[in-house]
Each structure stands twice: as C-alpha cells, then as structure tokens.
Amino acid sequence: MMTPTVLITGCSSGFGAATARLFADRGWSVVATMRDPASGDDLARRDTILVTRLDVQDAESIATAVALTRDRFGRLDALINNAGFGLSGVFEETPRTKIVEQFEVNLFGLMDVTRAVLPIMRQQRSGTIVNVTSGAGVFGLPLISLYTASKFAVEGFSESLSYELETLGIRVRLVEPGGVTSTRFGERANTEAAQAERIEDYAPFLAGAAQVFDAIRANRSGATMEDVAEVIFAATIDPSDRLRWVATDDIKPLVTARREAGEVRYMDMMRKQFRPNLSS
Ligand code: NAP
C-alpha cells in the first residue's frame, strides 16, 4: 500500500507541530509547513517529515508548497488547515487592519490552501480536508468577536463545501478545540490585545466579564496539544461522514447547550452571565 501523505499548515508550534509528529508516528509522509522553516528544525530531523515554507497570506508560497508536495510524493491524502491566531479585545477598540488580518489568516488563507490542493484530490477522487476551528466557531463570546466571526465563517464554509466535494470522494472535517494553554495561542492573543486603544466606557463590562472568563479558565480540562492532535488524526482517518469533532472536554457543556438547549433558553443563560445584575 502507498504511504499516505498529509500537508499541515502552522507547524511552527502548538497543534500543528504536535499533529505533524503524530502523523509521522503513525506512518504517514508529512509536509509540515510554516511561515519560517527555521522553526521546524526538530520536525525536519525526522525522515518522514518534510518541512517547507507556507505563509497562508502569501499565494506564491502556497503554490510552491503544494507543487513540492506533488513532485515529492505524487499524492495528497489529507490537508490539515490549522494555521490561525486569535484577535481579542472589544470590537470598537480593534482597528480595521487587524480585522482584515484576522480574516486573511483564519479564513481566506484557509480557503486559498484548500483551493490549491483540490485539483490533486479531485484527480485522485479521494482526500480529507480537516479545518481546525474552535469552541468560538460554535458559540459567541464577548471580547473575541472577530476571532469568533472568523471561526464561524470557517464552520459555515466547511459545512457547505462538504456537500460540493462529497461526490468527488473528498471529505471535509471540522475539529473544534477548547482552551489549550500549552500552545503559543495565548501569547499571540495577548500581544495582539495589548496593542488596542482603550475606550473607558467599556471598563464596567470588562470587570464583569473578567469574572466569567476566570470561571471558564478554572473549568479547563487540562487537555494538551497532543490530545487535540489525536482528535485531528481520528477525524482524518474516520471512514464515516461525520463533519464535526469537538476536541476537548472543557467546551462540551457549552457546545451541547448551544446546539441542543434551543435559542431562547441558551441566549437567556448566556446573557445572565454577562449581565449578572439581571433578575433571574
Ligand atoms: P499556536 O501555537 O500559536 O500555533 C498557531 C500556528 O499558526 C503557528 O504555527 C503560527 O505560525 C501559524 N500561523 C499564524 N499566522 C500564519 C500565517 N499567516 N501563515 C501560516 N501560519 C501562520 O496556537 P495553536 O493553539 O496551536 O493554534 C492552532 C489552531 O488552533 C489555530 O487555528 C487556533 O485558532 C486554533 N485553536 C486554538 C485553541 C487553543 O486554546 N490553543 C483553541 C481553539 C482553537 P508562526 O509561528 O509563524 O506565527
């Protein structure tokens, strides 16, 4: 049997790097892509991992990485669209340029990489595309409205795309992780947030929201990036047509509430958390 090949974006750290290691452990050929290939020296030491440059905001780098994959392996069985970052802060405090960047990386970049690999998968009449979203792709929370918007967009895009590609033998998967602190996600989100200009009118809301977020953080499941990589791998090789994979336990209650409680009950529950002075 041919060795299967996977291309993964955002492998310089976090889920991307852990996923590259896991697929290599399970016998796959891995194209581990990242903005700066020097960050992938550890991965590059493995025989079955090819580290190459791919910046999802740079169309030429996408084309070059996909051409290299085709030349080297002659096939592509899976694409893991993992690259992304989280913009946090109050919407009104966030400059438009930052919002554009958020969508360029999390949504348009993901679409561009997907478009680049589709001719290979169409020709094979097989392949799996795994898009890493988030709990923030399922439910909205304040202070991450732009991140949420980008991940909701990926969810809608992926669901729609899954119908288009099914008859061509290409499967689409959504992997939805909750909070995992061992990646560089929080560090980048904090750097981004620190750049915003503060608007004082939001101060009372921020103080209340801080308590809700502290409670959410206290509820973290302790999931690791390796746990998320396992879910990405399972979603990739699963033969069923299941689209969505919640990757960590911490968000399961909220995902279930969002999907099963009904709109009125769910929104009531959430509003009370962010407006604690509302009568119950
Ligand atoms: P991470 O350690 O910060 O990894 C993010 C990766 O994306 C890095 O390799 C980063 O590369 C890459 N990236 C950023 N901009 C890029 C671009 N323009 N082109 C190519 N790569 C780019 O964070 P992570 O937690 O592993 O995040 C991976 C994915 O999981 C993201 O899509 C994130 O939204 C999602 N997620 C994370 C969490 C969490 O709590 N950790 C929860 C839910 C969802 P550089 O090193 O070059 O910046």
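These numbers come from a predicted model, not from an experiment. (Residues numbered from 1 in each chain as written. Predicted model: local features only at pLDDT ≥ 70, side-chain atom pairs only at ≥ 80, totals over all residues. Heavy atoms only, no water.)

Focus on the overall build of the protein
Logical step 1: Secondary structure assignment for the protein yields ten helices and seven strands.
Logical step 2: Computed over the C-alpha atoms, the radius of gyration of the protein is 19 Å, within 12% of the 19 Å expected from 2.2 N^0.38 for a compact globule of 280 residues.
Logical step 3: Each principal axis of the C-alpha atoms in the protein carries an extent, and together these give about 65 × 35 × 30 Å.
Logical step 4: In the protein, which comprises 280 residues, the proportion classed as buried is 48%.
Logical step 5: Of the roughly 14000 Å² of accessible surface on the protein, a fraction of 52% belongs to carbon and sulfur atoms.
Logical step 6: The centroid of the 31 positive side-chain charges in the protein is displaced by 3 Å from the centroid of its 36 negative side-chain charges. (Helix = DSSP H or I, 4+ residues; strand = E, 2+ residues; numbered from the N terminus. Rg over C-alpha atoms; globule rule 2.2 N^0.38 Å. Buried < 20%, exposed > 50% of the residue type's maximum accessible area, 1.4 Å probe, protein only. Areas by Shrake-Rupley, 256 points an atom, 1.4 Å probe, with all protein chains shown as cover. Lys, Arg positive; Asp, Glu negative; His and termini not counted. Charge placed at Lys NZ, Arg CZ, Asp CG, Glu CD.)

Details of the site of the ligand
Logical step 1: Around the ligand, a shell composed of 28 residues is seen, among which Ser 12, Ser 13, Arg 35, Tyr 147 and Thr 183 lie nearest.
Logical step 2: With respect to the ligand, the backbone of Asn 82 contributes an N or O atom lying 2.8 Å from an oxygen atom.
Logical step 3: Contacts to the ligand include Thr 183, whose side-chain N or O atom sits 2.7 Å from an oxygen atom.
Logical step 4: Relative to its unbound accessible area of 890 Å², the ligand is 94% covered by the protein chains.
Logical step 5: Put simply, the parts of the chain that give the shell around the ligand at least two residues each are helix H1 (14-25), helix H5 (145-166) and helix H6 (185-194).
Logical step 6: For the shell around the ligand, the residue count by class is eleven nonpolar, twelve polar and five charged. (Near = heavy atom within 4 Å. Polar contact = N/O pair within 3.5 Å; in protein donor to acceptor, adjacent residues only side chain to side chain. Nonpolar A, V, L, I, M, F, W, Y, C, P; charged D, E, K, R; others polar.)

What to know about the sheet that holds strand E4 (residues 78-81)
Logical step 1: Read across the open sheet, the seven strands follow the order E3-E2-E1-E4-E5-E6-E7; overall the sheet is parallel. The sheet is open, and its two borders are formed by strand E3 (49-53) and strand E7 (244-246), each paired with just one other strand. The sheet shows a mean angle of 20° between the axes of neighbouring strands, taken without regard to direction.
Logical step 2: Here strand E1 (residues 5-8) pairs with E4 via three bridges, running parallel. Each bridged residue has a counterpart across the sheet, and for Leu 7 the counterpart in E4 is Leu 79. (Pairing = 2+ DSSP bridges. Axes fitted to C-alpha atoms, helices over the stretch in contact; angles between N-to-C directions.)

A few points about the pattern of salt bridges
Logical step 1: The tally for this structure, following the rule as stated, stands at 18 salt bridges.
Logical step 2: Among the salt bridges present, the one from Arg 244 reaches Glu 159, with a minimum N-O distance of 2.8 Å. Of this pair, Arg 244 sits in strand E7 while Glu 159 sits in helix H5, placing them 85 residues apart in sequence.
Logical step 3: The exposure class of Arg 244 is partly exposed, given its relative accessible area of 25%.
Logical step 4: Note that Asp 214 is salt-bridged to Arg 217, the shortest N-O span being 3.3 Å. In this pair, Asp 214 and Arg 217 are both assigned in helix H7 (residues 203-218), three residues apart and thus about one turn of the helix distant. (Salt bridge = Lys/Arg side-chain N within 4 Å of Asp/Glu carboxyl O.)

Description of unusual backbone geometry
Logical step 1: Even without being glycine, Arg 125 reaches a positive phi, approximately 60°.
Logical step 2: Summarising the element assignment, Arg 125 is placed in the loop between helix H4 (96-124) and strand E5 (127-132).
Logical step 3: Phi at Leu 143 takes a positive value of approximately 75°, unusual for a residue other than glycine.
Logical step 4: Here Leu 143 shows up in the loop between E5 and H5.

Things to note about H4
Logical step 1: Taking 1.5 Å per residue as the helical rise, H4 with its 29 residues ought to reach 42 Å, and the 41 Å between its terminal C-alpha atoms agrees with that figure.
Logical step 2: Glu 104 marks the point of greatest bend in H4, at about 45°.
Logical step 3: Following H4 by one or two positions, Arg 125 has its phi on the positive side, about 60°. (Expected span 1.5 Å × (residues − 1). Bend = angle between axes of the 7 residues up to and from the residue.)

Looking at the packing of aromatic side chains
Logical step 1: On inspection of all chains with the given rule, the structure shows six aromatic pairs.
Logical step 2: Taken together, a centroid distance of 6.4 Å and an interplanar angle of 35° make the contact between Phe 205 and Phe 274 tilted. One end of the pair, Phe 205, is in helix H7; the other, Phe 274, is in helix H10 (residues 263-274), with 69 residues separating them in the sequence.
Logical step 3: Between Phe 213 and Phe 274, the ring centres sit 6.1 Å apart and the planes meet at 50°, which makes this aromatic pair tilted. In this pair, Phe 213 sits in helix H7 while Phe 274 sits in helix H10, placing the two residues 61 residues apart along the sequence. Like Phe 274, Phe 213 is buried.
Logical step 4: Put simply, the rings of Phe 23, Trp 28 and Phe 233 touch in pairs and so form one group of aromatic residues. (Phe/Tyr/Trp six-rings, centres within 6.5 Å; stacked < 30°, edge-to-face > 60°.)

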